[in-house]
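Structural overview for review
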Amino acid sequence: MADSACNDENRLICEPCGLELAPRKTYFTYLGHAFNAEMLCCPGCGQVYIPEDLVRGRIHQVETTLEDK
């Protein structure tokens, strides 16, 4: 979710909806493999916020492992 912003208390707010993001179990699929993780999501529009450290860490590792097979 590129359009999120932090308010004064460092909570993430969905820019289009104006709602605070809340943790929710989120399902991902990649190259025919599915996995889930607890992610911050907008309760209004359902957009998922994926922090950069997760993208560069765990998701990159899964991607590399699956592509090498």
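Scroll up a little and you will see the structure.
Residues numbered from 1 in each chain as written. Predicted model: local features only at pLDDT ≥ 70, side-chain atom pairs only at ≥ 80, totals over all residues. Heavy atoms only, no water.

Details of the nonpolar core
We apply this condition: Buried Ala, Val, Leu, Ile, Met, Phe, Trp, Tyr and Cys residues form a nonpolar core when they are joined through side-chain atoms within 4.5 Å. Each residue's exposure class comes from its accessible area (1.4 Å probe, protein chains only) as a fraction of the maximum for that residue type: buried when under 20%, exposed when over 50%, partly exposed otherwise. The helix count covers DSSP runs of H or I at least four residues long, the strand count covers runs of E at least two residues long, and both are numbered beginning at the N terminus. The criterion used for residue contact is that any of the two residues' heavy atoms lie within 4.5 Å.
Counting residues in each nonpolar core, the largest one holds six residues, listed as Phe-28, Phe-35, Ala-37, Met-39, Cys-41 and Val-48. Considering each element in turn, this core owes the most residues, four residues, to strand E4 (residues 33-41). Those residues in contact with Ala-37, other than ones at most four positions away along the chain, are Arg-24, Lys-25, Thr-26, Phe-28 and Arg-58.

Comments concerning the environment of His-33
Relative to the assigned elements, His-33 resides in strand E4. Along the sequence, His-33 and Leu-66 sit 33 residues apart, while their C-alpha atoms lie 8.4 Å from each other. If near-sequence neighbours (up to four positions away) are discounted, His-33 is found in contact with Phe-28 and Leu-66.

With respect to the packing of aromatic side chains
Note the cut-off: Stacked, tilted and edge-to-face are the three classes assigned to paired rings of Phe, Tyr and Trp, where Trp is represented by its six-membered ring and a pair needs centres within 6.5 Å; plane angles under 30 degrees give stacked, over 60 edge-to-face, the rest tilted.
All chains considered together, the criterion is met by one aromatic pair. Summarising the aromatic geometry, the rings of Phe-28 and Phe-35 are spaced 5.3 Å apart at their centres and angled 20 degrees between planes, so their arrangement reads as stacked. Each member of the pair Phe-28 and Phe-35 is classed as buried.

Side note on the sheet that holds strand E5 (residues 48-49)
The condition is simple: Following DSSP output, two strands are said to pair if at least two bridges run between them. The axes used here are C-alpha line fits, helices contributing only the stretch in contact, and every angle between their N-to-C directions lies in the interval 0 to 180 degrees.
Strand order across the open sheet formed by three strands is E3-E4-E5, with antiparallel pairing between neighbours. Edge strands, defined here as strands with exactly one partner in the open sheet, are strand E3 (22-30) and E5. Across nine bridges, E3 lies against E4 in antiparallel orientation. Considered in E4, the bridge of Arg-24 is made with Met-39. Relative to E4, helix H1 (residues 52-68) is tilted by about 170 degrees, and along the sheet it contacts E3 and E4.

Quick word on the pattern of salt bridges
Stated precisely, the cut-off is as follows: We count a salt bridge whenever a side-chain nitrogen from Lys or Arg sits within 4 Å of a carboxyl oxygen from Asp or Glu.
One pass over the full model with this rule turns up two salt bridges. Note that Arg-11 and Glu-20 form a salt bridge whose closest N and O atoms lie 3.0 Å from each other. Glu-52 is the partner of Arg-56 in a salt bridge, and the nearest nitrogen-oxygen pair spans 2.6 Å. Of this pair, Arg-56 and Glu-52 both sit in helix H1, separated by four residues, roughly a single helical turn. Just as Arg-56 is exposed, Glu-52 falls in that class too.

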